[in-house]
Structures are given as structure tokens and as C-alpha cells.
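Residues per chain, in single letters:
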Amino acid sequence: MPRKERRLKQKQKELCEAAKGSGSLTSWITENRKDGLGASHDESDEKMEGEKDDDTVHQRNDSLLGTESQEDTEVGGKPGTSEVIEPTQNAEIEETASIQEKDVGVRETEHELQIAQTVEVEEAASQEEADTRGRQTFSHLLELTHPNDPAHVQQHNIKCDDSFIQFCNSTGPCQPVLSSFPKNEKGRSFQKKWYENNTWLEYSPSLDAMFCFSCRLFLSEEKYINRKTWKSEGVNQWRKALDRIKGHSASESHMCSMVRWNNSKKRSLEVAFEMGDRASQAAKDREREKNREILSRLLATTLYLARQGLPFRGDDENPSSQNRGNFIELVEVFGKYDSVIKLHLESVKQKQGTAKRPLVSLLSNRSQNDMIRALAISVKRVIQKEIQESKIFSILMDETTDAAHTEQVSFVIRYVHNMKINERFLQVCNIHNTRGESLENLVIDLLEENNLKLENIRVKVMMVLQT
């Protein structure tokens, strides 16, 4: 490449860099024209002038669009720069819109729930009002001579709903036994002996007609809707009454209604039995809870006397005795400040005063021994768990003779638990003799009884014999 061209390109490069860094280029162009770059500088001048003209046009457009440029400036851009929305801003806008839509949906859902709750409350109120009206009507019927008279349905405009069916089931068919039934023109009348073999048959004194109790309440199929004779109109043709009764009892519609009536009575009995069972179970639960509260207090008394090493029984534990023993006397003290023990003692005294055997007093010597035994089992379980966790242990056996000259052996366990040496007394057992074989069998039996393994013993058995 010729030297002149390289110099020209270098000057053009300097011109471009100067155009980027400076706003006034006239002086610089004038100085560079002296170097013989007139043509290129002229082109550069034209280029710069074109750029200035373009800047002027852009300034006019910016002045014409002042409102838009101001909005762009407020949004976060500098004056004269176009706003560029980044993807994060688009995501924030979409997230805000979705949150607003969710808020609107939540408000609409809450409004719908409020409307539904209002409707449910209104329906419940209307149903309660209807039930109240029904109860008032039925209470009015109970004041009448024959509350289950079939004529009341039309006279009082009663709807045959579940509540009315339940009321009729409780009262049963209307079967009055009058001294004399009204007679028709031919001297015939209803006979009370017709009730005997027809439990469904009922008589209306106000209408002087027969009705079917089961059909009147339980026959609701559309195909039987026109059969109103035994349901609402009644039968009073006494000359053919027996034939009518026999024919109706053999009809299909009557059999269907009888089946439903029997099922309804079974359901009523099941409901009654279920309610009785619930009441009995609730009474048992209350009694069980009361006994647990009483037993917890008596166990606390037993634990106190056992830890202090105090005797339980007294020489004379009769109610008239001045000192009935530590256990009963301590329970009497609790009864002065604890309502549960107080009520229990009063009930026991009441049973004893009526010469009846009390249910469960939990104060007898057997009950005291049972509670002591239960506490001993609980303590032994804790000791056994600690020994199983420590895995290794040693045993100590001490033999002695009691006042009755009976050989007894105490069984003690020594082990380490939580970096602490413990010696726990487990039990005392009788032994016939102190020979080695007997003692070996005794040790094996005691280990098996307490769920301990013979191979975990790390120290030989120590025997201390006393005579």
C-alpha cells in the first residue's frame, strides 16, 4: 500500500476519534487541511454537517414529541434516549398482572362463598321454621281426643312428610274402642273386632270411615296415585266391610306399603337402640374417667407411703376406729381438699349405710396390695430397660432367715448407666435350701423372669450368708 494512502487512512481514523470525543471540529479540520487532505476533509466536513443536520432533525422531533420524551425520562431513562424494556421488567409486569388477576379471583370466590353461606343460613332458618310449625301442629293434635285421626290431614292441611310420618309412627294407627259406633240407615256400623287380625286398620270417628294406616303414609308411587279410597277418602260400606278389608289386604299396593311400614318400624327401633347404646356408652365412659381420676389419686398416696417406708394398714380399720391406718387416714385428709376423693368417700359411706355391698371402694387391703404390686412392676420395667441398655451387669445375692425361719434371698443388680454406677434391688424370693444347685437354679430363674441374659454377667456371683 502506498505511503500516501496509509497516511490518509490514519488521518481519517484520527478524524473519527476526534469526532467521537469533541463537539467542535471546525478548528481541527482547518488545521488538517494544511496537510493536503482537502478532498478527504471535505468529505468529512460533509459527513459531519450531515450528522449535525440529522441531530437538528432529531431535536425537532424530540420537541414535537415532548410529552413522550418526558414520560420516557420519568420511567427511568435519560433525556434524548429511547426506553428499552428489559426481560426482567417484562417478567415483573406479567407477575404483577397475574397477582392482580388472582386477587380478583379470590375476591370473587370469597363473595360467592358469602352468598352460599347466606343461602345456607336462610335455608336452615326456613327449615327450622317449618319444623317449628310442624311441631306446633302436632302439639295441637296431641291435645285432641284422637290425635292420630286420619281426618286431621285434610282438616289441618298437613303435609305427609318425614316429621308427620314419625309422629304417626309414635302414636300408631287410630283404633278407638267406642262404647257404640254410629250406625248407618240400614243399622250397620263399624266393629271393633276387625282390629284383631288387621293391625293396619284404623277408624276415623269424625268421618265414620275405615282407613289403611300403611297406605295412608307410605304409598307414594305414581302408579298408585289414583287409589285414594283407603288413603284419604275412606270406606264406610259396612255391609261389605269384611270383603273390602280382605281384598285390600291382598292387593299389591297394600303389600308394598306394609313392607315400607315394617322397614320404618325397624329403622325406628334401630335408631332407638343406637341412641340407647350411645347413652349407655357415654355413661360407661364417664364412669371410667371418674374411676381413673380416683385411682390416680390413690396411686399417688400409695407411692408416697412406699417411698417413705411407712406401713399401710392399721390395727383396726372399721369406720368407728380412731386410727384406720396410714393409707385410709391419708385418703381422708385428701377428701377434705379434693372433690373427687370427697365424692367417692361419700358414695362409699352411703352404700355401707344402706347395708348394700359397695361397687368398688379401692380402699380394701386387696386393693392396696394390687396398687403396690402395680407400682413394683412399673419400677422393675424401668430397671430392666436400663440394664438392657447397659448390656453388662453383675449380681449380688443376700440370704437370710425371717422370723418364721424361712430361708429368703434378696436379688440385687449392679450396672453402669449413663456413666453412673447403680445398684438396684429387684425382689426377694423364698428358697428351700442354700445348696449350690438350688442357688444356681434360682439365679437362672430370676434372670429369665427379669428378661436378663446369663452371658452378660461380667462379675461372679457374690453370696453373703447370714444365720
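Residues numbered from 1 in each chain as written. Predicted model: local features only at pLDDT ≥ 70, side-chain atom pairs only at ≥ 80, totals over all residues. Heavy atoms only, no water.

**Student:** Help me understand the overall build of the protein, please; the structure alone is not making it clear to me.
**Tutor:** Along its length, the protein carries 15 helices and 6 strands. Within the protein, the fraction of its 467 residues that count as buried is 27%. Long-range pairs, those at least 24 residues apart, make up 54% of the contacts in the protein between residues at least 6 apart in sequence. Summed over its atoms, the accessible surface of the protein is roughly 33800 Å², and 50% of this surface lies on carbon and sulfur atoms. (Helix = DSSP H or I, 4+ residues; strand = E, 2+ residues; numbered from the N terminus. Buried < 20%, exposed > 50% of the residue type's maximum accessible area, 1.4 Å probe, protein only. Contact = heavy atoms within 4.5 Å. Areas by Shrake-Rupley, 256 points an atom, 1.4 Å probe, with all protein chains shown as cover.)

**Student:** Sorry if this is basic, but what is going on with the packing of helix H11 (residues 252-308) against helix H13 (residues 339-353) here?
**Tutor:** If you want to describe how two helices pack, look at the angle between their axes and the distance between the axes. Running from amino to carboxyl end, H11 crosses H13 at an angle of 105°, the nearest separation of the two axes being 10 Å. Regarding the angle of H11 to H13, the classification is roughly perpendicular. Contact residues: H11 offers Glu293, Ile294 and Arg297, while H13 offers Val340, Ile341 and His344. Class assignment of the residues belonging to the contact of H11 with H13 gives a composition of 3 nonpolar, 1 polar and 2 charged. (Axes fitted to C-alpha atoms, helices over the stretch in contact; angles between N-to-C directions. Parallel < 35°, antiparallel > 145°, perpendicular 65-115°, else oblique. Nonpolar A, V, L, I, M, F, W, Y, C, P; charged D, E, K, R; others polar.)

**Student:** I keep staring at unusual backbone geometry and nothing clicks. Help me out?
**Tutor:** Across residues other than glycine, the phi torsion is negative in most instances, and most of the peptide bonds are trans. If you check the backbone angles, lysine 391 has positive phi at about 75° while not being a glycine. The residue lysine 391 is located in the loop between helix H14 (365-390) and strand E3 (393-401) in this model. Even without a glycine there, the phi angle at asparagine 418 is positive, about 55°. For asparagine 418, the location among the structural elements is in the loop between strand E4 (407-416) and strand E5 (421-430).

**Student:** Explanation requested: the pairing of E3 in the structure shown.
**Tutor:** The side chains of a regular strand alternate between both faces of the sheet. Taken together, the 9 bridges between E3 and E4 define a ladder with antiparallel strand orientation. Its bridge partner being in E4, leucine 396 is matched across the sheet by valine 412. In this structure, the hairpin formed by E3 and E4 is closed by a connection of 5 residues, where histidine 405 is found at a positive phi of approximately 60°. (Pairing = 2+ DSSP bridges.)

**Student:** I'm lost on a positive patch on the surface in this one. Help?
**Tutor:** The grouping of Lys186, Arg188, Arg239 and Lys240 at the surface amounts to a positive patch. When you line up the elements, arginine 188 lands in the loop between helix H7 (162-171) and strand E1 (201-204). (Patch = residues over 30% accessible without salt bridge, like charges linked within 9 Å, V, L, I, M, F, W, Y side chains within 5 Å. Salt bridge = Lys/Arg side-chain N within 4 Å of Asp/Glu carboxyl O. Lys, Arg positive; Asp, Glu negative; His and termini not counted. Charge placed at Lys NZ, Arg CZ, Asp CG, Glu CD.)

**Student:** Would you explain the pairing of E1 in this entry?
**Tutor:** Burial along E1 is two-sided: the face carrying Leu201 and Tyr203 and the face carrying Glu202 and Ser204 are both buried. Sheet topology places E1 next to strand E2 (residues 209-212); 4 bridges connect them, and they run antiparallel. When the bridges of E2 are listed, tyrosine 203 appears paired with methionine 210. Linking E1 to E2, which pair antiparallel, is a turn of 4 residues; within it aspartate 208 sits at a positive phi near 50°.

**Student:** For this particular structure, what's the right way to read H14?
**Tutor:** Its 26 residues place the ends of H14 38 Å apart at the C-alpha level, agreeing with the 38 Å of an ideal helix rising 1.5 Å per residue. Within the span of H14, buried status applies to Ser367, Gln368, Met371, Lys380, Ile383, Gln384, Glu386, Ile387 and Ser390. Where H14 is buried, its residues contact H11, helix H12 (326-337), E3, E4, E5 and helix H15 (436-449). (Expected span 1.5 Å × (residues − 1).)

**Student:** Would you take a moment to explain the packing of H12 against H13 for this structure?
**Tutor:** Two elements in contact, H12 and H13, have axes whose closest approach is 6 Å; the angle formed by their N-to-C orientations is 115°. Considering only the axes of H12 and H13, their crossing is left-handed. Counting all contacts with H12, which are made through Val331, Glu332, Phe334, Gly335 and Tyr337, the residues of H13 involved are Ser339, Ile341, Lys342, Leu345 and Lys349. Among the residues forming the contact of H12 with H13, the class breakdown is 5 nonpolar, 2 polar and 3 charged. (Left-handed = near helix turned anticlockwise from the far one by under 90°.)

**Student:** When you look at the pattern of salt bridges in this model, what are you seeing that I'm missing?
**Tutor:** Pairing is possible between side chains that carry opposite charge, provided their charged atoms lie close to one another. Enumeration according to the criterion identifies 9 salt bridges in this entry. In this structure, arginine 313 engages glutamate 317 in a salt bridge whose closest nitrogen and oxygen atoms are separated by 2.6 Å.

**Student:** Sorry, what's going on with the nonpolar core here?
**Tutor:** For soluble globular proteins, nonpolar side chains are generally found buried alongside one another. Core analysis: the biggest nonpolar cluster contains 27 residues, and Phe190, Trp194, Trp200, Leu201, Met210 and Trp230 have the highest contact counts within it. Sorting the residues of this core by element identifies H7, E1, E2, helix H8 (213-218), helix H10 (241-249) and H11 as the ones contributing at least two each. Among all residues touching tryptophan 194, those that are not within four sequence positions of it are Ser189, Leu201, Met210, Trp238, Ala241, Leu242 and Ile245. Formed by 19 residues, the second largest nonpolar core is a distinct cluster that contains Tyr415, Leu426, Leu442 and Ile457. (Core = buried A, V, L, I, M, F, W, Y, C linked by side-chain atoms within 4.5 Å.)

**Student:** I would appreciate a short explanation of H13 in the present structure.
**Tutor:** For an α-helix the count is 3.6 residues per turn, leaving residues at separations of three or four pointing the same way. Its 15 residues give H13 an end-to-end C-alpha distance of 21 Å, which sits within 8% of 21 Å, the value for a rise of 1.5 Å per residue. Inspection of H13 places Val340, Ile341, His344, Leu345 and Val348 among the buried residues, and these make up the whole buried set. Along H13, the residues classed as buried sweep out an arc of 125° about the axis, all on the same side. Exposed residues on H13 whose side chains face more than 90 degrees from its buried face are Leu343, Lys349, Gln350 and Gly353. Elements that come into contact with the buried residues of H13 comprise H11 and H12. (Arc of directions from axis to C-beta.)

Honestly, that's just the spatial picture; any functional story needs more than this.
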